[in-house]
Amino acid sequence: MVGYSFLRKNFTLPVFLYFSLLLQLVPVSAKNPSASTITVDVAAIDKTVFKGRQITDSLVITNEGEDLLIWGTSFEASWLSVSVASGALPENGTQKVIVTFDADSLIHGLYVDTLDIISNDPSSPKIEIPIRLEVISEADIRVSNSNFEVTLDQNNTTELAVT
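Residues numbered from 1 in each chain as written. Predicted model: local features only at pLDDT ≥ 70, side-chain atom pairs only at ≥ 80, totals over all residues. Heavy atoms only, no water.

Draft legend 1. Here's a closer look at the overall build of the protein chain. Along its length, the protein chain carries 1 helix and 11 strands. Seen in sequence order, the protein chain has helices and strands lined up from the N terminus as β-β-α-β-β-β-β-β-β-β-β-β. For the protein chain, buried positions account for 26% of its 163 residues. For the protein chain, the accessible surface area stands at approximately 11600 Å², while carbon and sulfur atoms represent 52% of it. (Helix = DSSP H or I, 4+ residues; strand = E, 2+ residues; numbered from the N terminus. Buried < 20%, exposed > 50% of the residue type's maximum accessible area, 1.4 Å probe, protein only. Areas by Shrake-Rupley, 256 points an atom, 1.4 Å probe, with all protein chains shown as cover.)

Draft legend 2. Molecular detail of the nonpolar core. Within the largest apolar cluster, 26 residues are counted, with the highest numbers of intra-cluster contacts made by Leu 59, Ile 61, Trp 79, Ile 117 and Ile 129. Sorting the residues of this core by element identifies strand E3 (38-40), strand E4 (45-50), strand E5 (54-63), strand E6 (69-74), strand E7 (80-82), strand E9 (94-102), strand E10 (109-119) and strand E11 (126-136) as the ones contributing at least two each. Top contributing element to this core by residue count: E11, with 5 residues. (Core = buried A, V, L, I, M, F, W, Y, C linked by side-chain atoms within 4.5 Å.)

Draft legend 3. Quick peek at the sheet that holds E3. Judged by pairing direction, the sheet is antiparallel, and its 4 strands sit side by side in the order E3-E5-E9-E7 without closing on themselves. Each edge of the sheet is formed by a strand with only one pairing partner; in this case those strands are E3 and E7. Averaged over all neighbouring strand pairs, the angle between strand axes comes to 25 degrees, with direction disregarded. Here 3 bridges tie E7 to E9, and the two strands are oriented antiparallel to one another. By the bridge assignment, Ser 81 is partnered in E9 with Thr 100. (Pairing = 2+ DSSP bridges. Axes fitted to C-alpha atoms, helices over the stretch in contact; angles between N-to-C directions.)

Draft legend 4. Unusual backbone geometry, seen in detail. Non-glycine residue Asn 92 carries a positive phi angle of around 65 degrees. Since its relative accessible area comes to 57%, Asn 92 is described here as exposed.

Draft legend 5. View of the environment of Val 112. Checked against the element boundaries, Val 112 lands in strand E10. Take Val 112: its relative accessible area is 60%, and that puts it in the exposed class. Along the chain, Val 112 and Pro 130 lie 18 residues apart, while their C-alpha atoms are 7.5 Å from each other. Residue contacts for Val 112: discarding those within four places in its chain leaves Trp 79, Ile 131 and Arg 132. (Contact = heavy atoms within 4.5 Å.)

Draft legend 6. Summary view of the pairing of E9. Alignment of E5 against E9, held across 9 bridges, turns out to be antiparallel. Its bridge partner lying in E9, Asp 57 is registered against Val 99.

Draft legend 7. Geometry of the side chain of Thr 100. Position of Thr 100 among the secondary structure elements: in strand E9. Judged by its relative accessible area of 16%, Thr 100 falls in the buried class. Residue contacts for Thr 100: discarding those within four places in its chain leaves Gln 54, Ile 55, Thr 56, Trp 79, Leu 80 and Ser 81.

Draft legend 8. Fine view of the sheet that holds strand E8 (residues 86-89). Pairing within the open sheet is mixed, and its 5 strands lie in the order E4-E11-E10-E6-E8. Each having just a single partner strand, E4 and E8 make up the two edges of the open sheet. Neighbouring strand axes in the sheet, compared pairwise and without regard to direction, differ in orientation by 20 degrees on average. Sheet topology note: the E6/E10 ladder contains 4 bridges and is antiparallel. For Thr 73, the partnering residue across the bridge sits in E10 and is Ile 117.

All we've got here are geometric facts, nothing functional implied.
This is the structure in structure tokens:
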């Protein structure tokens, strides 16, 4: 039983009725507008790099909610790194993250991973960003004749034998 007074009169209600009345007075929303809300400006990252080199890209994490956004990153690839691995963003705060692809110890081929961004956003606690890296070999071109010159417009091609 729960007791309360209304207009100087005391009333006693069973507990289940008291909570039932409270629930009718409290608005319930499917999405909490004051919660942290994460957005990331890329859906995937796809890069091509020469063997033995590095290349970078970036993404921006934004908190569009009113509560503090706590976030962190997770990935498995040894050839992938991020400039900022975790952080906290206030309302409307942003964080630029540089993603580095290191092909120094990789051989020619296609490499894939997923960059997970985990946060306290109740509607998107984990965002998965597919990562694709293609490692290619640089061409080894040697020309022994120093007078070798070909001029073509954009619609023509030619083949020449170089000995």
